[in-house]
Amino acid sequence: MDHLDNLSINIIPPATDLNPLQGRKYTLTHSEATGEWYLSIGTQFPFTKLTNGLFSVIEAEWTTKMGEYILLGRININSDSYNDKLDQVRYMIYQKELPQLIAHIIDADKRFLHYHPLLLDACTDTH
């Protein structure tokens, strides 16, 4: 998981590569069968249940908190596998790799970030 060579990016209308700012949502999905990663960028999180060994790893969105933009997200450890050991392994992997996964999301949407430079501070803020 050092880098996401197999990352496919899909921008779902009405989102574009430059808008919207408020409520822009990211869903990073992984295929355990192929090792491929998929990033969906849109205005809604997918409501459909993923199949064929695909599961949503990270869901994040741009929102405001106390007047400042933040990237707020959640991590999905359980892929409905009902396998506690597999879930524990995923937890340990994602705990270690989370900063890189978020960096890949940010890197995949860099045209958007350059269009909205105020978000660059939110990407580098550590508090």
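Residues numbered from 1 in each chain as written. Predicted model: local features only at pLDDT ≥ 70, side-chain atom pairs only at ≥ 80, totals over all residues. Heavy atoms only, no water.

1. A look at the confidence of the model for the protein chain
Here is step 1: Per-residue pLDDT for the protein chain averages 82, and the proportion of residues at 70 or more is 83%.
Here is step 2: Ranking the elements of the protein chain by mean pLDDT puts helix α3 (residues 118-124) last, at 75, and helix α2 (residues 110-115) first, at 94. (pLDDT = per-residue confidence, 0-100. Helix = DSSP H or I, 4+ residues; strand = E, 2+ residues; numbered from the N terminus.)

2. Observations concerning the environment of Ser-40
Here is step 1: With respect to the element layout, Ser-40 can be found in strand β3 (residues 37-42).
Here is step 2: With 31 residues separating them along the chain, Ser-40 and Ile-9 place their C-alpha atoms 6.0 Å apart.
Here is step 3: If we ignore the near neighbours within four places in the chain, the residues touching Ser-40 are Asn-10, Ile-12, Lys-25, Tyr-26 and Thr-27. (Contact = heavy atoms within 4.5 Å.)

3. As for the pattern of salt bridges
Here is step 1: For the structure on display, the rule yields 5 salt bridges.
Here is step 2: Between Glu-61 and Lys-25 there is a salt bridge, with the nearest N and O atoms lying 3.1 Å from each other. Of the two residues, Glu-61 sits in strand β4 (residues 54-65) while Lys-25 sits in strand β2 (residues 25-31), which places them 36 residues apart along the sequence. (Salt bridge = Lys/Arg side-chain N within 4 Å of Asp/Glu carboxyl O.)

4. As for the nonpolar core
Here is step 1: Residues Tyr-26, Leu-28, Ile-58, Trp-62, Leu-101 and Phe-112 are the most contacted members of the largest nonpolar core, which totals 17 residues.
Here is step 2: Taken together, the elements giving at least two residues each to this core come down to β2, β3, β4, α1 (84-108) and α2. (Core = buried A, V, L, I, M, F, W, Y, C linked by side-chain atoms within 4.5 Å. Buried < 20%, exposed > 50% of the residue type's maximum accessible area, 1.4 Å probe, protein only.)

5. Brief notes about the packing of aromatic side chains
Here is step 1: Within this structure, the stated rule accounts for 0 aromatic pairs.
Here is step 2: Stacked on the ring of Phe-45, the Lys or Arg Lys-25 has its end atom at 5.7 Å from the ring centre. (Phe/Tyr/Trp six-rings, centres within 6.5 Å; stacked < 30°, edge-to-face > 60°. Lys NZ or Arg CZ within 6 Å of the ring centre and 35° of its normal.)

6. Describing the pairing of β2
Here is step 1: With respect to burial, β2 is a largely interior element, 7 of its 7 residues being buried.
Here is step 2: Where β2 and β3 come together, 6 bridges link them in antiparallel fashion. Bridging across to β3, Thr-29 finds its partner in Tyr-38. (Pairing = 2+ DSSP bridges.)

7. Section: α1
Here is step 1: Of all the bends in α1, the largest measures some 60° and sits at Glu-97, one to four residues before the proline Pro-99.
Here is step 2: Those residues of α1 lying buried are Asp-87, Arg-90, Tyr-94, Glu-97, Leu-101, His-104, Ile-105 and Ile-106. (Bend = angle between axes of the 7 residues up to and from the residue.)

8. Some remarks on the environment of Trp-37
Here is step 1: Within the secondary structure, Trp-37 is located in strand β3.
Here is step 2: Sequence-wise, Trp-37 and Ile-9 are 28 residues apart; in three dimensions their C-alpha atoms are separated by 8.8 Å.

9. Some points on unusual backbone geometry
Here is step 1: Of note, the bond from Pro-13 into Pro-14 is cis; its omega dihedral lies within 30 degrees of zero at 15°.
Here is step 2: Note on placement: Pro-14 falls in the loop between β1 (7-11) and β2.
Here is step 3: The residue after Asn-19, namely Pro-20, is reached through a cis peptide bond having omega 0°.
Here is step 4: Relative to the helices and strands, Pro-20 is located in the loop between β1 and β2.
Here is step 5: The residue Met-66 is not glycine, and still its phi comes out positive at about 55°.
Here is step 6: Inspection of the secondary structure puts Met-66 in the loop between β4 and β5 (68-75).

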